[in-house]
Structures are given as structure tokens and as C-alpha cells.
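Chains, contacts and geometry: an overview
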Amino acid sequence: MKTDRETALSILQEYTKSNSLLKHAFAVEQAMKSYAKKFGEDTEKWGFTGLLHDFDYEMYPSIDEHPYKGVEILKNKGVDEDILQAILGHAEYTNTPRKTLMAKTLFAVDELCGFLMACGYVRPDKKISNLEVKSVKKKLKDKSFAKGVNRDDIEKGILELGVDKDEHIKFVIDSLAEIEEILMS
């Protein structure tokens, strides 16, 4: 199967109608593409993975189904095994080891993207591009802010990817800032 954006977008839109879930998919896609470029990897493949990591969540939100149903659907469409493993590995409860750089990156950006968008939404200017690492880290400590975001996953993702926390947060902020009109509209 082709791992191009058009194919991924078609699958995403078939299963996901929620505007907030679509925006999350776009954010993770963007962060994945940015990291792929930084690491000299296949930006289209990494973007495809980011765009589809949660495509099944709206229809199959339980931990018994997500991301298993999505991976099954993608497998039947002929998606590469490394993409399937990365998608399985983004959910800690699947106990799927994150062996590839792509899988580690997906895990490291997923929750952080959601958190950064929440940080942007509460700003008067509704911008991600104006976020500062220091303020993001302060909000991470505030457990009442963006309660649905798993801080442990963010920390574990940074450790597994082997990057500096401040640099990682800044890198993802800068990445999402490139498409903030789409994300924050």
C-alpha cells in the first residue's frame, strides 16, 4: 500500500469525524514529519504514521479495541509492519515494544502534541508559536490543566527518544507553529 498523505487522509476521514481528533492527527503528522526530516528519515511514511495513529479511536475508543482495530484495518490494506508496530506501540497499555526510531518518535510526540494544543487554546492569542518552553513545563506540573494528557507518557517518550526535554518541547512547538492556522482554527 502507498504510504502517501492522500491515502492516509482518505482513511482518516472515513473513520474520524470529530474536528478535535482530526486536528490532533494533523498535529502528530506534522511533528512526525519534522522529526523524520531532522533524522534523515522518510517524511511521507512518518507523516502517514502520525496521521493514522488514532484514526480508529472515534469508532473504537476502548482500550480493548484501540489501536488494535485500527492496526487490523491497516494490515488488511497492506500497510507495512513497521508502521503497524509503531501505531501499536503508541499506546502504552498494548505492551508493544518501541524498537524503531519511528515508533519511539510517535510515542514521544503524541501526548505532547495534545498538550501543546491545549496550551495554545488557553492563550489570549490562541497561538502555539508564542508558547515558551518554561511556561509549557510549568503547565505540565499543573495536574488540573489538560487532565486527559498523560504526563508519564510524555516523560517516558522523551527518555526513550533520548532527547533533551527542553529541546524536544521547543522542536515540537516550532513544528506545530508551521500549521497553527489549521490546528487552532
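Below is a summary of the structure that appears in this document. These figures come from a predicted structure and were not determined experimentally.

Another aspect to go through is the side chain of Asp153. Relative to the assigned elements, Asp153 resides in helix H8 (residues 151–161). Within the buried set, Asp153 has no salt-bridge partner at all; the shortest N-O distance to an opposite charge, 6.6 Å, is to Arg98. Other than its neighbours up to four places away in sequence, Asp153 contacts Glu92, Phe107 and Glu111.

Looking at the secondary structure, you find Ser175 in helix H9 (residues 165–177). Separated by 159 residues in the primary sequence, Ser175 and Thr16 place their C-alpha atoms 23 Å from one another. Ser175 has contacts with Gln30, Ala31 and Ser34, leaving out every residue within four places of it along the chain. Among the polar contacts listed, one links the side chain of Ser175 to the side chain of Ser34, at a separation of 2.7 Å.

Conventions and cut-offs
Residues numbered from 1 in each chain as written. Predicted model: local features only at pLDDT ≥ 70, side-chain atom pairs only at ≥ 80, totals over all residues. Heavy atoms only, no water. Helix = DSSP H or I, 4+ residues; strand = E, 2+ residues; numbered from the N terminus. Buried < 20%, exposed > 50% of the residue type's maximum accessible area, 1.4 Å probe, protein only. Lys, Arg positive; Asp, Glu negative; His and termini not counted. Salt bridge = Lys/Arg side-chain N within 4 Å of Asp/Glu carboxyl O. Contact = heavy atoms within 4.5 Å. Polar contact = N/O pair within 3.5 Å; in protein donor to acceptor, adjacent residues only side chain to side chain.

Any functional reading would require information that these geometric values do not contain.
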